[in-house]
Amino acid sequence: MDWILQSERLGFRKICKNDFDDLCLILQDAEVMYAWEHAFSKDEVSQWIEKNLARYANEGFSYFALIEKSTERLIGVMGPLVENIDGASHIGIAYILNQLFWGKGYAIEGAKACVEYAFNQLNADKVIAEIRPNNDASRKVAEKLGMKIEGEFVKHYNGIDMPHLIYVLRK
């Protein structure tokens, strides 16, 4: 397989429409999506796929399908994203894993590969992560990467004001 990036156990490729069923297992899981405060409907999963396909066309990157190399199974989505905070664009990283694969070190392994990609391929001088204050698992991943909190903001999503911490790692 031609990976966009990879780590020891993980391969990253662009998401495609054929990933719909695998993505539903993740994005329709209320426990996985608790930081978003809702599980996605089938229509929202389709819209989410389309949004990522548009990001590939416009920015060249977005969430990628996260593939466990040993099984070739799609186990999550992860990647560098263009994040907009108060009118400024930043390269961020984001990760959403199927909960069957939590606790195996995949989040930190994949996030590290995404940070290296952002620095080495996208020429970012810093990488951010927008994380809800109560999302302890994601905060631990960011902290293990060496990211530090440098601010906070409120994201307006789905009619809800959602406080987020801004984690930053500089090259």
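Residues numbered from 1 in each chain as written. Predicted model: local features only at pLDDT ≥ 70, side-chain atom pairs only at ≥ 80, totals over all residues. Heavy atoms only, no water.

With respect to the pattern of salt bridges
A complete count under the given rule lists six salt bridges for this structure. The salt bridge involving K155 is made with E130; its shortest N-O contact spans 2.6 Å. Here K155, found in strand 7 (residues 148-157), pairs with E130, found in strand 6 (residues 126-131); they are 25 residues apart in sequence, far enough to count as distant. On the accessibility criterion, K155 (29% relative accessible area) is partly exposed. (Salt bridge = Lys/Arg side-chain N within 4 Å of Asp/Glu carboxyl O. Helix = DSSP H or I, 4+ residues; strand = E, 2+ residues; numbered from the N terminus. Buried < 20%, exposed > 50% of the residue type's maximum accessible area, 1.4 Å probe, protein only.)

Here we look at helix 1 (residues 20-27)
Looking only at helix 1, the buried set comprises L23, C24, I26 and L27. End-on view of helix 1: buried residues confined to an arc of 165°, all on one side of the axis. Exposed positions of helix 1 whose direction lies more than 90 degrees from the buried face are D21 and L25. Contact partners of the buried residues in helix 1: helix 2 (42-59), strand 4 (73-85) and strand 5 (88-97). (Arc of directions from axis to C-beta. Contact = heavy atoms within 4.5 Å.)

What about the pairing of strand 4?
With 11 of its 13 residues buried, strand 4 lies for the most part within the structure. Pairing geometry for strand 3 (residues 64-68) and strand 4, over five bridges, is antiparallel. Note on strand 4: the bridge partner recorded for I67 is L74. Taken together, strand 3 and the strand that follows it, strand 4, pair antiparallel across an intervening segment of four residues, in which E72 is found at a positive phi of about 60°. In the sheet, strand 4 pairs with strand 5 via 10 bridges, with the strands oriented antiparallel. Across the sheet, the residue bridging to L81 is G92, located in strand 5. (Pairing = 2+ DSSP bridges.)

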